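A closer look at the structure
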Amino acid sequence: GAGVSQSPSNKVTEKGKDVELRCDPISGHTALYWYRQSLGQGLEFLIYFQGNSAPDKSGLPSDRFSAERTGGSVSTLTIQRTQQEDSAVYLCASSFGPSGANVLTFGAGSRLTVL
Amino acid sequence: DAKTTQPNSMESNEEEPVHLPCNHSTISGTDYIHWYRQLPSQGPEYVIHGLTSNVNNRMASLAIAEDRKSSTLILHRATLRDAAVYYCIRPRKLTFGQGTILTVHP
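This text gives an overview of the structure that appears in the document. (Residues numbered from 1 in each chain as written. Chains lettered and ligands numbered in written order. Predicted model: local features only at pLDDT ≥ 70, side-chain atom pairs only at ≥ 80, totals over all residues. Heavy atoms only, no water.)

Quick notes on the sheet that holds strand β8 (residues 75-79) of chain A
Residue and element names in this part refer to chain A. The sheet built from four strands is open, its strands ordered β1-β3-β8-β7 with antiparallel pairing. Each edge of the sheet is formed by a strand with only one pairing partner; in this case those strands are β1 (5-7) and β7 (65-69). Within this sheet the neighbouring strands show an average axis-to-axis angle of 15°, counted without direction. Across five bridges, β7 lies against β8 in antiparallel orientation. (Pairing = 2+ DSSP bridges. Helix = DSSP H or I, 4+ residues; strand = E, 2+ residues; numbered from the N terminus. Axes fitted to C-alpha atoms, helices over the stretch in contact; angles between N-to-C directions.)

A word on the layout of surface pockets
Empty space within the largest pocket amounts to approximately 640 Å³. Residue lining of the largest pocket: 31 residues in total, with A:Gln37, A:Ser38, A:Gly40, A:Gln41 and B:Gln38 positioned closest to the centre. Looking at the lining of the largest pocket, the elements that each hand over two or more residues are β9 (88-95) and β11 (110-114) of chain A together with β8 (84-89) of chain B. At four residues, β11(A) tops the list of elements feeding residues into the lining of the largest pocket. For the lining of the largest pocket, the per-class residue count stands at 12 nonpolar, 18 polar and one charged. (1 Å grid on protein atoms, 1.4 Å probe; cavity = no way out; pocket = protein on both sides within 12 Å on 5 of 7 lines; lining within 4 Å. Points joined across faces, edges and corners; volume = space filled by probe spheres on them. Nonpolar A, V, L, I, M, F, W, Y, C, P; charged D, E, K, R; others polar.)

Thoughts on the pairing of strand β3 (residues 33-38) of chain B
All names here are of chain B. Most of β3 sits out of view: six of its six residues are buried. On β3, burial covers both faces: Ile33, Trp35 and Arg37 on one face and His34, Tyr36 and Gln38 on the other are all buried. Pairing analysis gives five bridges linking β3 to strand β4 (residues 45-50), with the strands arranged antiparallel. Bridge pairing in β4 links tyrosine 36 to tyrosine 46. Connecting β3 to the antiparallel partner β4 that follows it, the hairpin turn spans six residues, and serine 41 within it adopts a positive phi of roughly 65°. Pairing of β3 with β8, which is carried by five bridges, proceeds in the antiparallel orientation. Residue pairing across strands places histidine 34 opposite isoleucine 89, the latter belonging to β8. (Buried < 20%, exposed > 50% of the residue type's maximum accessible area, 1.4 Å probe, protein only.)

Describing unusual backbone geometry
Across the chain, the bulk of peptide bonds are trans and the bulk of non-glycine residues have phi less than zero. Residues A:Ser7 and A:Pro8 are joined by a peptide bond in cis, for which omega reads -10°. In this structure, B:Arg68 takes a positive phi of about 65° despite not being glycine. Within the element layout of this structure, B:Arg68 appears in the loop between β6 (61-64) and β7 (70-75). Judged by relative accessible area, which is 8%, B:Arg68 ranks as buried.

Digging into the nonpolar core
If you look at the biggest cluster of nonpolar residues, it comprises 20 residues, and the most contacted ones within it are B:Leu20, B:Trp35, B:Leu73, B:Leu75, B:Tyr86 and B:Leu102. When residues of this core are traced back to their parent elements, those giving at least two are β2 (18-23), β3, β4, β6, β7, β8 and β9 (100-105) of chain B. Apart from residues no more than four positions distant in its own chain, B:Tyr86 is found in contact with B:Gln6, B:Leu20, B:Trp35, B:Tyr36, B:Arg37, B:Leu73, B:Leu75, B:Gly99, B:Thr100 and B:Leu102. If you look at the next biggest cluster of nonpolar residues, it comprises 19 residues, including A:Val4, A:Ile26, A:Phe49 and A:Cys92. (Core = buried A, V, L, I, M, F, W, Y, C linked by side-chain atoms within 4.5 Å. Contact = heavy atoms within 4.5 Å.)

Considerations on the sheet that holds β2(B)
Residue and element names in this part refer to chain B. If you walk across this open sheet you meet the four strands as β2-β7-β6-β5, and the pairing is antiparallel. The outermost strands of the open sheet, each flanked by one partner alone, are β2 and β5 (55-56). In terms of strand pairing, β5 meets β6 through two bridges, oriented antiparallel. For valine 55, the partnering residue across the bridge sits in β6 and is leucine 62.

Description of the pattern of salt bridges
Across all of its chains, the model carries seven salt bridges over all chains by this definition. The partner of A:Glu44 in a salt bridge is A:Arg36, with the nearest N and O atoms 3.1 Å apart. In this structure A:Arg36 comes out as buried when scored by relative accessible area, which is 9%. Its salt-bridge partner being B:Arg77, residue B:Glu15 comes within 2.1 Å of it at the nearest N-O pair. Here B:Arg77 lies in the loop between β7 and β8 and B:Glu15 lies in the loop between β1 (9-13) and β2, a separation of 62 residues in the sequence. Under the relative-accessibility criterion, B:Glu15 is labelled partly exposed at 42%. On the basis of relative accessible area, B:Arg77 is assigned to the exposed category, the value being 58%. Connected through shared salt-bridge partners, B:Arg37, B:Glu45 and B:Asp82 make up one network. (Salt bridge = Lys/Arg side-chain N within 4 Å of Asp/Glu carboxyl O.)

The structure is reproduced here in structure tokens:
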């Protein structure tokens, strides 16, 4: 596609429910990144994929968070048993590869509100 | 330490140049410096990147210190639409700092 697509754009859920957030990267981009941004804060790194593998998932805040990527394309971030502190904008980015020469293109984000 | 250090906020007047500094004193020889900006309620967007030499594009210029321990993003004539949070990052380290909030006054 022309850009990085994320869905849903907005999600309101109740505490304790599971949620899935989807990221569709730019075609041909092998690297995919998930970040979280709480209100008024900077970007917090969650996980990085190269192809279908996740060489760095050091930023996942707890075992309630997991992510997968299939076919070297679409990625899903799953949050189980959501808590109010999970409320944030979840941003996905992709790039041609992990080289620092490659530019990150971000999606518009998925805003998650946990009541 | 993968962090970059930027001032929390800066202000400018419209039509004036803006110099946004970034410190990356622990950068390695192969690490690029990237700048992104985030407008309100949007995802970050790419501004410019470089390795050793100064870089120019239609949006901005990037001046990289000779020792590569710091860099400066230059907006030659600030407009109201340039008001955003500006992030300086080392992409191989995957971390963003708090960025610099740029306010542009009419």
